[in-house]
Amino acid sequence: MKVISAIAALIGPLLLLGGGAANADPYWEPVSKNSSFRCSYVVPHSFYDVTFQTCVVVNGNSTQAVAIVANHSPTTLSLEAPNVALYVNGPISYDRNCLTSVLTGGYTRACFGPTQTRPCSATVRAWSQVVVQGYVMSAWSPDRQMCT
C-alpha cells in the first residue's frame, strides 16, 4: 500500500501539470497548413523524394515554430529534427528537439514547438533543421508580425 501511495504522490502532480493546452512538442503529428502558417521555400532532399519546410504560425498573439516533412516516395524513412527554433524580435526564444521517428511513404508530418504568447508589436521567425536518412536540411521561415 505504501508503494501505491508513493507512486500516486509522484504521478498526481505530473497529471495536473499535463492538463494544460495540448502540445505536440516533441512528437511528429499530422499537419494541415492554413493562412496562419508563414513557411519557407520547399527544400528537396538530395536522394529521396522528400520535401521539407520551416514555418512560423501566428494566430492573434499566439505563435510557434513548425518543421514539416513530406515523404512523396513509397519508402519508409528515418526522421528527426534536432532543432525547431523560434526567434522573437531577433533573439532566440526556444530551440526544441523533435524525437526520432519514421515517416511512411505518402505521408506528411510536422513537429510543432511550444506555443508562446507575444505582444502584437513582436516580429517572429522560425528556423528548423531536420535529418532524413542521415541527410541534414535546414531553412528559415519568413518574418511574421504578431496579430496579423
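For the structure, see preceding data.
These notes cover the structure that comes with them. (Residues numbered from 1 in each chain as written. Predicted model: local features only at pLDDT ≥ 70, side-chain atom pairs only at ≥ 80, totals over all residues. Heavy atoms only, no water.)

Side note on the packing of aromatic side chains
No. 1: Taken as a whole and judged by the stated rule, the model has three aromatic pairs.
No. 2: With a centroid separation of 5.9 Å and 80° between ring planes, the pair formed by F47 and Y135 is classed as edge-to-face. Residue F47 is located in the loop between β3 (43-44) and β4 (50-59), and its partner Y135 is located in strand β11 (residues 135-140); the two are separated by 88 residues in the primary sequence.
No. 3: Centre to centre, the rings of Y87 and W140 are 5.0 Å apart; their planes meet at 50°, and the pair counts as tilted. In this pair, Y87 is assigned in strand β6 (residues 77-88) and W140 in strand β11, connecting sequence segments 53 residues apart.
No. 4: Judged by relative accessible area, W140 falls into the partly exposed class, the value being 36%. (Phe/Tyr/Trp six-rings, centres within 6.5 Å; stacked < 30°, edge-to-face > 60°. Helix = DSSP H or I, 4+ residues; strand = E, 2+ residues; numbered from the N terminus. Buried < 20%, exposed > 50% of the residue type's maximum accessible area, 1.4 Å probe, protein only.)

Points about the side chain of S141
No. 1: With respect to the helices, strands and loops of the structure, S141 is situated in the loop between β11 and β12 (144-145).
No. 2: Residue classification places S141 among the buried positions, given a relative accessible area of 2%.
No. 3: When residues no more than four places from it in sequence are discounted, the contact partners of S141 are R38, S40, T54, C55, V56, R125 and A126. (Contact = heavy atoms within 4.5 Å.)

Observations regarding unusual backbone geometry
No. 1: Here N89, not a glycine, exhibits a phi torsion of approximately 55°, which is positive.
No. 2: On the secondary structure map, N89 appears in the loop between β6 and β7 (92-103).
No. 3: Phi is positive for Q133, which is not a glycine, with a value near 55°.
No. 4: For Q133, the position within the fold is in the loop between β10 (123-132) and β11.

Section: the state of the cysteines
When the sulfur atoms of two cysteines share a covalent bond, that bond is a disulfide.
No. 1: A complete count under the given rule lists three disulfides for this structure.
No. 2: Described in terms of the sequence order of its bonded cysteines, the disulfide pattern of the protein is 1-2, 3-4, 5-6. (Disulfide = S-S within 2.5 Å.)

Some words on the pairing of strand β5 (residues 62-71)
The side chains of a regular strand alternate, residue by residue, between the two faces of the sheet.
No. 1: The buried fraction of β5 is high, at nine of 10 residues.
No. 2: Relative to β5, β4 is paired through 10 bridges, and the arrangement is antiparallel. Counterpart to V50 in the pairing with β5 is N71.
No. 3: Counting the residues that bridge the hairpin from β4 to β5 gives two residues, and of these G60 lies at a positive phi of roughly 70°.
No. 4: Where β5 lies against strand β8 (residues 108-112), five bridges are found, and the strand directions are antiparallel. Within the sheet, the bridge partner assigned to V69 lies in β8 and is R109. (Pairing = 2+ DSSP bridges.)

Considering the nonpolar core
No. 1: Within the largest apolar cluster, 27 residues are counted, with the highest numbers of intra-cluster contacts made by W28, F52, V69, L86, V124, V130 and V132.
No. 2: Taken together, the elements giving at least two residues each to this core come down to β4, β5, β6, β7, β10 and β11.
No. 3: Sorting elements by how many residues they give to this core places β6 first, with six residues.
No. 4: Beyond its immediate stretch of four places on either side in the chain, L86 contacts V56, T63, Q64, A65, P91, I92, S93, Y94, Q116, V124 and R125.
No. 5: Formed by seven residues, the second largest nonpolar core is a distinct cluster that contains C55, V66, A110 and F112. (Core = buried A, V, L, I, M, F, W, Y, C linked by side-chain atoms within 4.5 Å.)

Things to note about the pairing of β11
No. 1: Relative to β11, β10 runs antiparallel, the two sharing six bridges. The residue bridging S128 from the neighbouring strand is A139, located in β11.
No. 2: The turn linking β10 back onto β11 is made up of two residues, and Q133 within it adopts a positive phi angle of 55°.

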